[in-house]
Amino acid sequence: MKVAGKTYRTVWFEKGVSYYIDQNLLPFDFVIREAKNCTESCRVITGMNVRGAGAIGAMAGFAMAQAFLSVPANNAAQYLSEAKTMIESTRPTARNLFYAVEKVFHAGLISPEQAVRTALEIADKDAADSQKIGELGSELIRDGMGIETHCNAGWLAFVDYGTALSPIYKANEQGKSIFVYVDETRPRNQGARLTAWELQNADIPFAIIPDNAGAYFMSKGKIQMVITGADRIAINGDAANKIGTLEKAIVAREYNIPFYIAAPLSTIDPECHTGADIPIEERNEEEVLFQTGMDESGKECQIRVSAPGSQAMNPAFDITPSGYITGIITEKGIITPSVETIKKVLNR
């Protein structure tokens, strides 16, 4: 995607160094940073400087490749095993992370060079799959539609193009008139900060709405489709996505509005039989008790938005049962969320 006329990927890898757009600084500052080794790349994922299913997966693949590039002569097996465990512990819900780490790890057992090649291939495939999701998903979008999305599943969440926003970008290129309702996505406000920034950058009409306003706009006939991403999909079609997604699906069902998940096949976890098998990340309560923004001088600041002394619970994801999902937009087509259909598309 382009920023100020220049094409960027969200993450990329050159000469053993991971480069990334620091998403924690957006939308106020656009900054490219680097992670020079496996440990630094892990901190970037844990700190959500890079976030989103595909971008996490690519960054995790780069981190695993970095481990092979710096493996010591002694205790190599232990070093690599510990590095793999460290990477996998950064974001436990994100399936693409485990997918990438496993592939790069086995490639690295052949040679460090093969680990790097595999990590780059995973990143390239993520971008290509996202582009295809946009082409296929845009066929669902009619001229004049209002579309709601939750969290950020645009190009910032993947290596390029994105998933939930990719069909919107393509529909816009096709000249379709669309309006996007952007959930703010508390507590980290990925919608208000990242999705809004992306859409503004792409000159697509949108409005940020409070997380609890989706039902109101659906009841008024303003929204004709909901599209979100997913961080992990069980073999039966249950999907884990940013907390609050389940509420959107339930309300969409009430108003007979199609609810789509957009995700590459790499997000499907064949080992998860249902959503109950998907681990849910619990994040620090300070994300709920405090908010980060920019003061009038342009300096980033954090303010308390809760009663002093309060405690908070902060699950990062929830599970949307397959029965609430109209279809899953993948690079291989739009599929019904069922065991039979998913196993068929995975050739299992």
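A. Seen up close, the packing of aromatic side chains. Applying the stated criterion across every chain yields a total of 9 aromatic pairs. Centroid distance Y8 to F30: 5.0 Å. Interplanar angle 70°. Geometry classified as edge-to-face. With Y8 in the loop between strand 2 (6–7) and strand 3 (11–14) and F30 in the loop between strand 4 (17–21) and strand 5 (32–35), the pair connects residues that are 22 residues apart, well separated along the chain. Overall, the relative accessible area of 17% leaves Y8 in the buried class. Aromatic side chains Y181 and F217 sit 5.3 Å apart centroid to centroid with 45° between the ring planes, which places their arrangement in the tilted category. Note that Y181 is positioned in strand 7 (residues 179–183) and F217 in helix 8 (residues 214–219), a separation of 36 residues in sequence. Taken together, the ring pairs in this structure connect Y8, F30, W155 and W197 into an aromatic cluster. Lying over the aromatic face of F105, K84 brings its terminal NZ or CZ to 5.6 Å of the ring centre.

B. Structural view of the side chain of T10. Within the secondary structure, T10 is located in the loop between strand 2 and strand 3. A distance of 2.7 Å separates a polar side-chain atom of T10 from the backbone oxygen of F158. Beyond its immediate sequence surroundings of up to four residues, T10 is in contact with Y19, Y20, I21, Q23, A55, W155, L156, F158 and V159.

C. Fine view of the pairing of strand 3. Across the two faces of strand 3 the burial differs, with V11 and F13 buried and W12 and E14 not buried at all. In this structure, strand 3 lies alongside strand 4, joined through 4 bridges in antiparallel fashion. The residue of strand 4 that forms the bridge with E14 is V17. Following strand 3, the chain reverses through 2 residues before pairing antiparallel with strand 4; K15 in that reversal takes a positive phi of roughly 50°.

D. Highlighting the state of the cysteines. Tallying each qualifying case throughout the model produces 0 disulfides. C272 takes part in no disulfide bond, and the closest cysteine sulfur, belonging to C151, lies 20 Å away. A relative accessible area of 4% places C272 in the buried class.

E. Structural context of the environment of K36. Position of K36 among the secondary structure elements: in the loop between strand 5 and helix 1 (38–46). By relative accessible area, which is 53% here, K36 ends up exposed. A C-alpha to C-alpha distance of 40 Å links K36 and I335, two positions 299 residues apart in sequence. In this structure, K36 is in contact with G16 and Q66, ignoring residues within four places of it in sequence.

F. Spatial organisation of unusual backbone geometry. For the peptide bond that leads from L26 to P27, omega is 5°, which places it in the cis range. With respect to the helices, strands and loops of the structure, P27 is situated in the loop between strand 4 and strand 5. Look at the link from R186 to P187: it is a cis peptide, with omega at 10°. Locating P187 in the fold gives a position in the loop between strand 7 and helix 7 (190–201). We note that K15 has phi near 50°; this positive angle belongs to a residue other than glycine. On the secondary structure map, K15 appears in the loop between strand 3 and strand 4. Of note in the backbone geometry, N189 takes a positive phi value of approximately 60° without being a glycine. For N189, the position within the fold is in the loop between strand 7 and helix 7. Note on N189: relative accessible area 13%, which makes it buried.

G. Quick look at the pairing of strand 12 (residues 259–262). Where burial is concerned, the two faces of strand 12 agree: the one with F259 and I261 and the one with Y260 and A262 are both buried. In this sheet, strand 17 (residues 327–330) lies alongside strand 12 in parallel orientation, the contact comprising 3 bridges. Its bridge partner lying in strand 17, Y260 is registered against G327.

Scoring rules and cut-offs
Residues numbered from 1 in each chain as written. Predicted model: local features only at pLDDT ≥ 70, side-chain atom pairs only at ≥ 80, totals over all residues. Heavy atoms only, no water. Phe/Tyr/Trp six-rings, centres within 6.5 Å; stacked < 30°, edge-to-face > 60°. Helix = DSSP H or I, 4+ residues; strand = E, 2+ residues; numbered from the N terminus. Buried < 20%, exposed > 50% of the residue type's maximum accessible area, 1.4 Å probe, protein only. Lys NZ or Arg CZ within 6 Å of the ring centre and 35° of its normal. Polar contact = N/O pair within 3.5 Å; in protein donor to acceptor, adjacent residues only side chain to side chain. Contact = heavy atoms within 4.5 Å. Pairing = 2+ DSSP bridges. Disulfide = S-S within 2.5 Å.

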